[in-house]
Amino acid sequence: MQALNISPGALPPEAEALRAEVRAFVAEHLAGFPVRERVRNWQGGDPAFSRRLGERGWLGMTWPRRFGGHERSSLERFVVLEELLACGAPVVHHWVAERQSGPLLMRYAPDTLAPEIVPRIARGEVSFCIGMSEPDSGSDLASIRTRATRADGGWRINGRKVWTSGAHRADYMIALVRTRDRSEDRHAGMSQFLIDMKTPGFTIRPIINQVGEHDFNEVTFDDVFVPERQLIGVEGGGWQQVVAELAFERAGPERFLSSTQLVLEMLDAADPADPRQAVAIGRLTAQYAALRQMSVAVQRMVARGEDPALIASIVKDQGALLEQSIPDVAHDLFGGRVEPDSTLEQAMTYLTLAVPSFSLRGGTREILRGIIARGLGLR
Ligand SMILES: Cc1cc2nc3c(=O)[nH]c(=O)nc-3n(C[C@H](O)[C@H](O)[C@H](O)COP(=O)(O)OP(=O)(O)OC[C@H]3O[C@@H](n4cnc5c(N)ncnc54)[C@H](O)[C@@H]3O)c2cc1C
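Cut-offs used in this document
Residues numbered from 1 in each chain as written. Predicted model: local features only at pLDDT ≥ 70, side-chain atom pairs only at ≥ 80, totals over all residues. Heavy atoms only, no water. Helix = DSSP H or I, 4+ residues; strand = E, 2+ residues; numbered from the N terminus. Rg over C-alpha atoms; globule rule 2.2 N^0.38 Å. Buried < 20%, exposed > 50% of the residue type's maximum accessible area, 1.4 Å probe, protein only. Contact = heavy atoms within 4.5 Å. Salt bridge = Lys/Arg side-chain N within 4 Å of Asp/Glu carboxyl O. Phe/Tyr/Trp six-rings, centres within 6.5 Å; stacked < 30°, edge-to-face > 60°. Polar contact = N/O pair within 3.5 Å; in protein donor to acceptor, adjacent residues only side chain to side chain. Near = heavy atom within 4 Å. Areas by Shrake-Rupley, 256 points an atom, 1.4 Å probe, with all protein chains shown as cover. Nonpolar A, V, L, I, M, F, W, Y, C, P; charged D, E, K, R; others polar. Core = buried A, V, L, I, M, F, W, Y, C linked by side-chain atoms within 4.5 Å. Axes fitted to C-alpha atoms, helices over the stretch in contact; angles between N-to-C directions. Left-handed = near helix turned anticlockwise from the far one by under 90°. Expected span 1.5 Å × (residues − 1). Arc of directions from axis to C-beta.

**Brief notes about the overall build of the chain**
Scanning the chain from terminus to terminus reveals 12 helices and 8 strands. Radius of gyration (C-alpha) of the chain: 21 Å, near the 21 Å computed for a compact globule of 379 residues. For the chain, the C-alpha atoms occupy an extent of roughly 75 × 50 × 40 Å along the three principal directions. Split into buried and exposed, the 379 residues of the chain put 54% on the buried side. Considering only contacts in the chain between residues 6 or more positions apart, those separated by 24 or more positions represent 75%.

Shown next, in the form of structure tokens:
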């Protein structure tokens with residue numbers, strides 16, 4: 001069996017120094033930002049806040065300067081993410097773009113699309129959505145049917161994507177589509193395109209989630225024309241590219257820090273003399289500490305240019321389990337005694353409804369466990 005090496009270690013002084021700066025920034029810019037909004041965590045957004053982060057140099061922190069980046073370390077970036085997530089900052093406007101679209105474009109379109117688009121991501125100006133899942137293709141992404149066919153000067157795309165978070169707010173989508181018929185190698189014949197959401201032929205229909213919010217969409221492509229230069233990487237290379245993109249998507253601390261506002265509310269409401277509360281909240285804190293150590297280890301691997309997919313999958317799987325348990329702990333400790341519409345009640349209600357999705361988005365629990373088993377040499 002393959003060894004699982006996790007080497008966490010402390011954060012370097014420059015990363016810790018940055019923490020104070022980020023805390024001062026959020027104290028200034030998010031004063032009075034209500035818990036009702038903070039609980040949405042990285043699902044809530046404000047384009048102006050994203051632009052302010054861009055002005056501070058806190059987007060694209062690790063990217064080369066020629067792409068508008070700041071050439072700082074992934075551990076410094078980790079501290080910024082951690083602080084923003086811990087206070088439930090409204091970051092969704094830039095989140096997908098900064099986490100995965102920018103890195104994907106720099107890797108696979110460094111001379112064509114990246115110089116034009118990526119500096120705008122680093123300035124917090126543009127929002128991206130992910131066009132992977134389809135009505136009959138979620139976990140089995142290789143079974144997608146949305147199809148691009150050659151046209152004069154580019155491609156025409158027809159098909160349907162579903163569960164597309166933020167499509168109604170996004171400027172661009174990176175879509176995985178089929179450019180050749182399915183062959184025996186089911187991972188062949190797929191490609192990725194950068195698509196401007198204002199292109200004629202898109203229909204975006206809202207899907208209301210169980211929290212009652214409009215986040216997801218169904219997106220229909222009806223002869224959407226995409227110029228040749230917006231093909232990302234090589235035609236037919238979409239599968240390898242999308243696997244790399246999913247590694248960016250799964251590697252961040254948002255995968256265990258989405259229920260934090262409820263833990264903070266519990267801490268505020270807790271009675272220090274109540275041993276049952278102390279044990280329950282202490283147990284959550286210990287789980288957070290272990291996941292954080294592993295998440296720091298993921299960032300160290302990224303910094304060394306190593307593939308963090310195995311540990312990142314463990315953090316996401318275990319992080320979702322922790323986050324999904326937190327509303328139950330809150331109900332157990334405080335249920336029946338919570339003041340209606342108090343901030344504790346707001347956080348409990350929102351997260352009770354939101355957490356089931358945490359083990360679906362970005363890859364389901366079963367899929368991640370398959371990746372973990374493969375990484376450990378068990379399958
Ligand atoms: C909050 C949220 C946001 C999302 N945002 C986006 C987005 O922006 N863009 C996008 O493209 N998609 C998005 N998705 C879709 C998400 O990626 C899919 O829901 C996910 O990949 C699962 O696909 P599915 O829903 O088709 O479920 P299915 O693949 O049908 O799975 C159903 C169940 O079967 C299990 N299962 C499936 N295959 C196997 C297997 N081989 N072995 C064992 N068990 C298996 C799954 O684990 C799951 O429990 C989002 C989903 C959520 C919940």
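This is not the end of the story, as more comes after the structure.
**Thoughts on the pattern of salt bridges**
Applying the stated criterion across every chain yields a total of 30 salt bridges. Arg150 serves as the salt-bridge partner of Glu228, at 3.4 Å between the closest nitrogen and oxygen. On the criterion of sequence distance, the pair formed by Glu228 in the loop between β7 (214-227) and β8 (231-232) and Arg150 in strand β2 (residues 147-151) is long-range, its members being 78 residues apart. Take Glu228: its relative accessible area is 34%, and that puts it in the partly exposed class. Residues Arg205 and Glu218 are paired through a salt bridge, measuring 2.8 Å at the closest nitrogen-oxygen approach.

**Comments concerning the packing of aromatic side chains**
To describe a pair of aromatic rings, one takes the distance between the centres and the angle between the planes. This structure, assessed with the given rule, holds 8 aromatic pairs. Measuring from centroid to centroid gives 5.3 Å for Phe128 and Tyr172, while their planes differ by 35°, and the two rings are tilted. Here Phe128 is found in strand β1 (residues 128-131), whereas its partner Tyr172 is found in strand β4 (residues 172-178), with 44 residues between them in sequence. The class for Tyr172 is buried, based on a relative accessible area of 10%. When the centroid spacing of 5.0 Å and the interplanar angle of 55° are considered together, the rings of Phe202 and Phe221 count as tilted.

**Considering the environment of Gly88**
Tracing the backbone shows Gly88 in the loop between α4 (74-86) and α5 (92-108). With 169 residues separating them in the primary sequence, Gly88 and Leu257 have C-alpha atoms 9.3 Å apart. The residues contacting Gly88, other than those within four sequence positions of it, are Phe33, Glu37, Arg38, Asn41 and Gln261.

**Re the environment of Asp196**
Within the secondary structure, Asp196 is located in strand β5 (residues 190-196). Look at Asp196 and you get partly exposed, because its relative accessible area is 24%. If near-sequence neighbours (up to four positions away) are discounted, Asp196 is found in contact with Asp171, Tyr172, Phe202 and Gln230. A distance of 2.9 Å separates a polar atom in the side chain of Asp196 from the backbone nitrogen of Lys198.

**Describing the site of the ligand**
Ser133, Ser139, Trp163, Thr364 and Glu366 are the nearest of the 15 residues found near the ligand. One nitrogen or oxygen atom from the main chain of Ile130 is found 2.8 Å from a nitrogen atom belonging to the ligand. In the environment of the ligand, an oxygen atom lies 3.0 Å from a nitrogen or oxygen atom belonging to the backbone of Met132. A total of 960 Å² of accessible area belongs to the ligand in isolation, and the protein chains cover 62% of it. In terms of residue class, the shell around the ligand is built from 6 nonpolar, 7 polar and 2 charged.

**Looking at the pairing of β4**
With respect to burial, β4 is a largely interior element, 7 of its 7 residues being buried. In β4, alternate side chains face the same way, and those of Tyr172, Ile174, Leu176 and Arg178 on one face and Met173, Ala175 and Val177 on the other are all buried.

**A closer look at the nonpolar core**
Leu262 and Met266 are the most contacted members of the largest nonpolar core, which has 58 residues in total. Counting residues per element, the ones that place at least two in this core are α1 (13-29), α3 (47-56), α4, α8 (260-269), α9 (275-303), α10 (309-334) and α11 (343-354). Sort the elements by how many residues they give to this core and α10 lands first, with 11 residues. Every residue in contact with Leu262, bar those within four places of it in the chain, is listed here: Ile326, Pro327, Ala330, Leu344, Ala347, Met348 and Leu351. Of all hydrophobic cores here, the second largest spans 20 residues; its members include Met106, Ala122, Phe128 and Ile232.

**Considerations on the packing of α4 against α9**
Relative orientation of the contacting elements α4 and α9 amounts to 140°, with a least axis distance of 9 Å. Seen from above, α4 lies across α9 with right-handed handedness. Packed against α4, whose contacting residues are Ser74, Leu75, Phe78 and Glu82, the element α9 presents Arg292, Ser295, Val296, Gln299, Arg300, Val302 and Ala303 at the interface. Of the residues contributing to the contact of α4 with α9, the split by class is 5 nonpolar, 3 polar and 3 charged.

**Regarding unusual backbone geometry**
In this structure, Asn41 is a non-glycine residue whose phi angle is positive, near 50°. Tracing the sequence through the fold places Asn41 in the loop between α2 (35-38) and α3. For Asn41, a relative accessible area of 3% gives the class buried. For Glu71, which is not glycine, the phi torsion reads 50° and is therefore positive. Relative to the helices and strands, Glu71 is located in the loop between α3 and α4.

**Things to note about α1**
Helix length check: α1 (17 residues) gives 25 Å between terminal C-alpha atoms against 24 Å at 1.5 Å per residue, within 8%. Among all positions in α1, only Ala15, Leu18, Arg19, Val22, Phe25 and Val26 are buried. Seen end-on, α1 carries its buried residues on one side only, within an arc spanning 135°. Exposed side of α1, more than 90 degrees from the buried face: Pro13, Ala20, Ala27 and Glu28 are the residues found there. Structurally, α1 contributes buried residues whose contacts are with α3, α4 and α9.

Everything listed here is a matter of geometry and, on its own, says nothing about what the molecule does.
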